[in-house]
Amino acid sequence: MPDAPILPIVQAGAPILRARAAEVPPELLGTPELRDLCAAMIATMRAAPGVGLAAPQVGVAWRVFVMEDRDELMSVLSAGERHERGRVAFDVRVLVNPVVRPVAGERATFFEGCLSVDGYAALVERHHEVEVAGVDEHGEACAFRAHGWPARILQHEIDHLDGTLYVDRMLSRSFSTVDYVRDGTKTVEEIRRELGI
Ligand code: ZN
C-alpha cells in the first residue's frame, strides 16, 4: 500500500476553521474514502509533528479527528514537567462523530498551541478529565476517559469541529511565540503572577 499523503494544514483565517463541521454519514463508515482521509490525517499529524489534528484543519468539514502522543515529542520536557502536564505517550486514535464531556470539576492551565495557528502558544484553561464517545473510521464504537494532556488534546480537537480555536479560550495576555514558551524556565504560576492573570 502506498504511503498516505501529507496534506497541507489550513491556517487561521480560513473560513473552514470557523464553521461547524458536519456529522459523517453512516454510509461513509468503513469506506475507502473515510479510511484514506484518516490515514492522510495521521500522516499529516506525524509529519507536522503534532499530537492531534481535526479534519477541518486539512480542509474537510467532517466531524473527525486523530490524536497520538509519542515519547520523542516530549523529549524536551523534564520528567517533572511531563508529570505536571499529565503528558503520557499513547497510541494513535481516530474519532468520528465524537462527543466529549467533562468528568470532574478540576481544571488545568498550560500553554497550548495549534498547527493552524503556527508559531504561537498561550495559556488555556481546560477540564482536567473528560470522556469521549464516538466511532472509529470503520464504524466501531470507541469510548474512553482521559485526563491530563490527552484530555487537553480531546477538548482542543472537539473545539475544531465546532469552529472554535484555542485563541477564543486563551488567557490572551499569555499569547507568545513558541520560541518564548520553549525557552521558558518559569512555571505557569510564575508566568501568571508576572502577567497579572
Ligand atoms: Zn488545533
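Residues numbered from 1 in each chain as written. Predicted model: local features only at pLDDT ≥ 70, side-chain atom pairs only at ≥ 80, totals over all residues. Heavy atoms only, no water.

Re the packing of aromatic side chains
Thinking step 1. Taken as a whole and assessed by the stated rule, the structure comprises two aromatic pairs.
Thinking step 2. A cation sits over an aromatic face here: arginine 93 above phenylalanine 144, 3.8 Å from the ring centre.
Thinking step 3. The positively charged end of arginine 152 is found above the aromatic ring belonging to tryptophan 149, 5.4 Å away from the centroid. (Phe/Tyr/Trp six-rings, centres within 6.5 Å; stacked < 30°, edge-to-face > 60°. Lys NZ or Arg CZ within 6 Å of the ring centre and 35° of its normal.)

What to know about the side chain of arginine 87
Thinking step 1. Assignment of secondary structure puts arginine 87 in the loop between helix H2 (79–85) and strand S3 (90–102).
Thinking step 2. Within the structure, arginine 87 has its side chain in polar contact with the side chain of aspartate 69 (distance 2.8 Å).
Thinking step 3. Filtering out sequence-adjacent residues up to four positions away, arginine 87 remains in contact with Val51, Asp69, Leu73, Met74, Leu77, Arg82 and Trp149. (Helix = DSSP H or I, 4+ residues; strand = E, 2+ residues; numbered from the N terminus. Polar contact = N/O pair within 3.5 Å; in protein donor to acceptor, adjacent residues only side chain to side chain. Contact = heavy atoms within 4.5 Å.)

Brief notes about the layout of surface pockets
Thinking step 1. What the largest pocket holds in volume is close to 1,500 Å³.
Thinking step 2. Surrounding the largest pocket, 47 residues form its lining, Phe111, Ala121, Val178, Val181 and Arg182 being those nearest its centre.
Thinking step 3. Where the lining of the largest pocket is concerned, the elements lending two or more residues are H2, strand S4 (107–113), strand S5 (120–127), helix H3 (149–161), helix H4 (178–183) and helix H5 (188–195).
Thinking step 4. When residues in the lining of the largest pocket are grouped by element, the largest group, six residues, is from H3.
Thinking step 5. For the lining of the largest pocket, the per-class residue count stands at 23 nonpolar, 12 polar and 12 charged. (1 Å grid on protein atoms, 1.4 Å probe; cavity = no way out; pocket = protein on both sides within 12 Å on 5 of 7 lines; lining within 4 Å. Points joined across faces, edges and corners; volume = space filled by probe spheres on them. Nonpolar A, V, L, I, M, F, W, Y, C, P; charged D, E, K, R; others polar.)

A word on helix H1 (residues 32–47)
Thinking step 1. With 16 residues, H1 extends 22 Å between its outermost C-alpha atoms, agreeing within 8% with the 22 Å of an ideal straight helix rising 1.5 Å per residue.
Thinking step 2. Residues of H1 that are buried: Leu34, Leu37, Cys38, Ala40, Met41, Ile42, Ala43, Thr44 and Met45.
Thinking step 3. Buried-residue contacts for H1 involve strand S1 (52–54), strand S2 (64–69) and S3. (Expected span 1.5 Å × (residues − 1). Buried < 20%, exposed > 50% of the residue type's maximum accessible area, 1.4 Å probe, protein only.)

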